[in-house]
Amino acid sequence: KDQDVKYKTAEVKSLAKAVADMSSDKETLSTELAAVNEYYAKLKDRCIAKPETYEERKARREAEINGLKEALRVLESETAFVQRGSKRVHMRGALEAR
């Protein structure tokens, strides 16, 4: 009977050590999993395209149209200055042929 108690006590000590080791492993793995999940969440935010709302698309389109209108206005005003200030330039052979 004493021998049985010794074996049971040794088995309890062995199982307690195994539980402690596995608990430590579980904590380590839980920490790693949390880090991986956090990284995945950041990566998902950067890589997965989010659809634009109608208001965002409309505002972007209006800004682009306004920019194009401004560019057209600038080009038209520069063209007007160039046309007013330019003199007639003839081709080299055109004057001699007359």
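J.: Tell me about the overall build of the protein chain, and name the residues and values.
T.: Each helix and strand counted, the protein chain has three helices and zero strands in total. Its helices and strands taken in sequence order, the protein chain reads α-α-α from the N to the C terminus. Per-residue burial over the protein chain gives 0% buried out of 98 residues. As presented, the protein chain carries roughly 9,800 Å² of accessible surface, and 59% of it is formed by carbon and sulfur atoms.

J.: Residues and numbers for the pattern of salt bridges, please.
T.: What the rule picks out here adds up to four salt bridges. Taking the shortest distance from any N to any O, the salt bridge between Arg73 and Glu70 comes out at 2.7 Å. Here Arg73 pairs with Glu70, and both are found in helix H2 (residues 54–85), just three residues apart, close to one helical turn.

J.: Kindly report on the confidence of the model for the protein chain, identifying the contributing residues and their values.
T.: Mean pLDDT over the protein chain stands at 85; residues scoring 70 or higher make up 81%. Predicted confidence in the protein chain is weakest over helix H3 (residues 92–97), with a mean pLDDT of 54, and strongest over helix H1 (residues 2–47), with 93.

The rules behind the values
- Residues numbered from 1 in each chain as written.
- Predicted model: local features only at pLDDT ≥ 70, side-chain atom pairs only at ≥ 80, totals over all residues.
- Heavy atoms only, no water.
- Helix = DSSP H or I, 4+ residues; strand = E, 2+ residues; numbered from the N terminus.
- Buried < 20%, exposed > 50% of the residue type's maximum accessible area, 1.4 Å probe, protein only.
- Areas by Shrake-Rupley, 256 points an atom, 1.4 Å probe, with all protein chains shown as cover.
- Salt bridge = Lys/Arg side-chain N within 4 Å of Asp/Glu carboxyl O.
- pLDDT = per-residue confidence, 0-100.

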